[in-house]
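Chain residues, written in single-letter form:
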Amino acid sequence: MQVYWDLHSTRFLVLAAAVLVISFIFTRIHRFLKHRQFARLHGCEPVTYCNYEPFLGLDRLYHFIRNRWDHNYLETSCKFQRHFNYTFGLKELLNNIILTTEPENIKTILSINFKHYGIGHRLEVFEPLLGRGIFDTDGDQWAISRALIRPNFTRDQVADLTSFEDLIQDFFALIPRDGQTMVDLQPLFFRYTMDSATEFLFGQSVGSLRMNESDLGFSQAFNYSLQSIMVRGSLGPFNRFYRDRKAEECNRICREFAQQFVEEAIHTVRSEKDVDSKDPERKRQKYIFSHELARRTSEKRRITDELMNVLLAGRDTTASMLSNLFFMLAKHPAVWAKLRKEVTSLEGRLPTYEELRGLKYLKCCMNESLRLHPVVPLNDREALQDTVLPVGGGKDHLSPVFIPKGTIVGYNVYAMHRRTDFYGPDAEEFRPERWEDGRLQPRWEYLPFNGGPRICVGQQYALTEVGYVTTRMAQEFETLESCDPGPWEESLTLTLCSRNGTKVCVRPA
Ligand code: HEM
């Protein structure tokens, strides 16, 4: 009897295994035929793959690690993009990735076929710090976040420059003025934007510019949490095996910090309703982002998540832009002198929002900084369905490319901003004048703030902040001398900034 059962169960197992294998093979063949038909229908041709080792792509993985280590990842990526005519495939462990620097393709991903792509693959890495918000969700959830946040960036909010000026005084206080003592502006810019972002979001700055470096509790916790996001992000599918207890503690500190302001915002908005009902003409006082969110929803978790998302999206980006811009301004004394000349039109007054917008050369410098050093240099999307990119396939790289569901499509803004066919033979140089006569009007060839429905909501706020700090620096300091003997080198974390900081000596006007 026992023998009969053993035989029976072995047969059953063999049969089950055979069914599984056959159904696996059948699914694969079915998928292959479906893909082939779809690709033919759209006239797609395969892209060239850049790996020598075509199975796991270990050769590229080795170069990836080495280039990151040597801080020349972006420079090398430009060479690759040129070599493969701006669209190619890459095998990385189990992933098939398509990389592109072609504006037509980027427009298709971000705008024309927006719904075919998503960023849900970010959620796992970002959620412990950010929760679910505008920066790490797709579909309806993202649309609700965007609708909640977008109205908070109206012109009135963006044009209020008072808090920028209050912080400038703290910032100036940390800069030696003898023209000889070196100061690294980069960490100060990060403290400036942390203070301005928390003031804008929570209604109260963390005051990091006024603290000793050892006391930067929330800022330090936030920095550590971001580092951990970087590490987890670079581990790809293996990130779930990574455990960092310090990061968990830092995430908790950051979220609890934000939660206090959420409680306060909900309380204020509730009591406001009573006062408003008695005096409907009453004017609101200072603009506070968390209060605006609390007026639109009373869900505490939702408000906390959105605040954390906007803090992440807004702080490091603006600080990195300032660091990159000042690195180049310090290396180009003639540009600094021209900027200072333009700023003299203010006759020493603090600039208004309209006056800032009228400073044309300042705008050229900011455009040029974001072109040469876009602070979000690489980005990607995951295909949510089978879809097509318009160019990059075939021997001439001009045919459409089939993108199966689940493929990661990366786009390289850094390399695109350095294409000589768009920006001329001096594309690698910092030359703000190229923007001066208004002839250079790039569309999808210039994407520092992304494009399509997910374009940066904080663009005007960021440009106002960077413009304000730059104008006030130009009013305050006659000389801005670079103390870095070498050229700008990349430091690529969540954003792109100068590896050696922004070391300068300044002398007052
Ligand atoms: C120089 C400064 C900045 C640059 C270069 C920049 C750039 C970008 C880029 C490239 C994206 C798209 C990221 C993606 O693919 O998901 C983005 C999204 C976003 N940015 Fe900015 N940003 C800057 C400053 C700010 C500031 C100051 C804020 C807010 C205070 C902000 C809020 C956001 C938000 C909320 C998103 C997500 C939009 C969405 O997915 O719908 N950004 N930004």
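Here the structure is a predicted model, which is why all the values come from computation and not from measurement.

**Focus on the packing of helix α13 (residues 300-331) against helix α16 (residues 360-372)**
Here is step 1: Running from amino to carboxyl end, α13 crosses α16 at an angle of 105°, the nearest separation of the two axes being 9 Å. When the axis of α13 is compared with that of α16, the two are roughly perpendicular. Residues M321, N324, L325, M328 and L329 of α13 touch α16, and the partners they reach there are C365, M366, S369, L370 and L372.

**Considering the packing of helix α10 (residues 217-234) against α13**
Pairs of packed helices are described in terms of their axes, by the angle between the two and the distance that separates them.
Here is step 1: Packing of α10 against α13 leaves a shortest axis separation of 12 Å and a crossing angle of 90°. Viewed along their axes, α10 and α13 adopt a mutual orientation that is roughly perpendicular. Contacts between α10 and α13 involve F218, F222, N223 and L226 on the former and, on the latter, M308, L311, L312, R315 and D316.
Here is step 2: A class-by-class count of the residues in the contact of α10 with α13 yields 6 nonpolar, 1 polar and 2 charged.

**Side note on the coordination of the iron atom of the ligand**
Here is step 1: One donor from the polypeptide reaches the iron atom of the ligand: C456 (SG), at 2.3 Å.
Here is step 2: Its location among the elements puts C456 in the loop between α18 (420-423) and α19 (459-476).

**Focus on the site of the ligand**
Here is step 1: Of all residues adjacent to the ligand, which total 25 residues, the nearest are W142, R146, N379, R454 and C456.
Here is step 2: At a separation of 2.7 Å, an oxygen atom of the ligand approaches a polar side-chain atom of R146.
Here is step 3: Here R381 contributes a side-chain N or O atom positioned 3.1 Å from an oxygen atom of the ligand.
Here is step 4: Looking at the shell around the ligand, the elements that each hand over two or more residues are α6 (139-149), α13, β5 (378-383) and α19.

**Here we look at the UniProt feature "transmembrane region" (unreviewed entry) in the protein**
Here is step 1: When the UniProt feature table is mapped to this numbering, "transmembrane region" (unreviewed entry) covers residues 12-30.
Here is step 2: Structurally, residues 12-30 is divided into 100% helix and 0% strand, and its ends, taken at the C-alpha atoms, are 26 Å apart.

**Side note on the side chain of D484**
Here is step 1: Along the chain, D484 falls in the loop between β9 (477-482) and β10 (490-492).
Here is step 2: Salt bridges are absent for the buried D484, whose nearest opposite-charge side chain, K331, sits at 5.0 Å.
Here is step 3: Looking at D484, its side chain comes within polar contact range of the main-chain nitrogen of G486, at 3.1 Å.

**Details of the sheet that holds strand β3 (residues 117-118)**
Here is step 1: The 5 strands are arranged β1-β2-β8-β5-β3 in an open sheet whose pairing can be described as mixed. Each end of this open sheet is capped by a strand with a single partner; those strands are β1 (87-92) and β3.
Here is step 2: Inspection of the sheet shows β3 paired to β5 by 2 bridges, in the antiparallel sense. Bridging from a neighbouring strand, G118 pairs with E382 of β5.

**With respect to a positive patch on the surface**
Here is step 1: On the surface, R28, R31, K34 and K405 cluster together into a positively charged patch.
Here is step 2: Structurally, the position occupied by K405 is in the loop between β7 (399-403) and β8 (408-412).

**Overview of the side chain of T407**
Here is step 1: Mapped onto the elements, T407 comes out in the loop between β7 and β8.
Here is step 2: Within the local environment of T407, its side chain forms a polar contact with the backbone oxygen of P404, the two atoms lying 2.6 Å apart.
Here is step 3: Residues within four places of T407 in sequence aside, it is in contact with N96, I98, R381, E382 and A383.

**Concerning the pattern of salt bridges**
Two side chains with opposite charge may pair up if their charged atoms get near one another.
Here is step 1: Scanning all chains against the criterion turns up 29 salt bridges.
Here is step 2: With a closest N to O distance of 2.6 Å, R255 and D305 form a salt bridge. In this pair, R255 is assigned in helix α11 (residues 245-278) and D305 in helix α13, connecting sequence segments 50 residues apart.
Here is step 3: The partner of E428 in a salt bridge is R418, with the nearest N and O atoms 2.8 Å apart. Highlighted residues: E428 in the loop between α18 and α19 and R418 in the loop between α17 (413-416) and α18, separated in sequence by 10 residues.
Here is step 4: With a relative accessible area of 8%, R418 lands in the buried category.
Here is step 5: Residues joined by salt bridges that share partners form a network here, namely E368, R371, D426, R431 and R434.

**Remarks on the sheet that holds β9**
Here is step 1: Here 3 strands make up an open sheet; going across it, the order is β4-β12-β9 and the pairing antiparallel. If you trace the sheet from one side to the other, it starts and ends with β4 (183-184) and β9, each paired once.
Here is step 2: In this structure, β9 lies alongside strand β12 (residues 503-508), joined through 5 bridges in antiparallel fashion. Counted as the bridge partner of F477 is P508 from β12.

**Quick word on unusual backbone geometry**
Only a minority of non-glycine residues have a phi that is not negative, and only a minority of peptide bonds are not trans.
Here is step 1: Residue H71 is not a glycine yet carries a positive backbone phi of 55°.
Here is step 2: Looking at where H71 falls in the secondary structure, it is placed in the loop between α2 (58-69) and α3 (73-83).
Here is step 3: A residue is classified by how much of its surface remains accessible, and H71, at 29% relative accessible area, is partly exposed.
Here is step 4: A positive phi angle is found at N85, which is not glycine, with a value near 60°.
Here is step 5: Looking at where N85 falls in the secondary structure, it is placed in the loop between α3 and β1.
Here is step 6: Residue N85 is classed as partly exposed on the basis of its relative accessible area of 38%.

What counts and what doesn't
- Residues numbered from 1 in each chain as written.
- Predicted model: local features only at pLDDT ≥ 70, side-chain atom pairs only at ≥ 80, totals over all residues.
- Heavy atoms only, no water.
- Axes fitted to C-alpha atoms, helices over the stretch in contact; angles between N-to-C directions.
- Helix = DSSP H or I, 4+ residues; strand = E, 2+ residues; numbered from the N terminus.
- Parallel < 35°, antiparallel > 145°, perpendicular 65-115°, else oblique.
- Contact = heavy atoms within 4.5 Å.
- Nonpolar A, V, L, I, M, F, W, Y, C, P; charged D, E, K, R; others polar.
- Donors = N, O, S within 2.8 Å, 3.2 Å for Na, K, Ca; no water.
- Near = heavy atom within 4 Å.
- Polar contact = N/O pair within 3.5 Å; in protein donor to acceptor, adjacent residues only side chain to side chain.
- UniProt positions renumbered as here; feature names shortened; annotations may be inferred.
- Buried < 20%, exposed > 50% of the residue type's maximum accessible area, 1.4 Å probe, protein only.
- Lys, Arg positive; Asp, Glu negative; His and termini not counted.
- Salt bridge = Lys/Arg side-chain N within 4 Å of Asp/Glu carboxyl O.
- Pairing = 2+ DSSP bridges.
- Patch = residues over 30% accessible without salt bridge, like charges linked within 9 Å, V, L, I, M, F, W, Y side chains within 5 Å.
- Areas by Shrake-Rupley, 256 points an atom, 1.4 Å probe, with all protein chains shown as cover.
- Charge placed at Lys NZ, Arg CZ, Asp CG, Glu CD.

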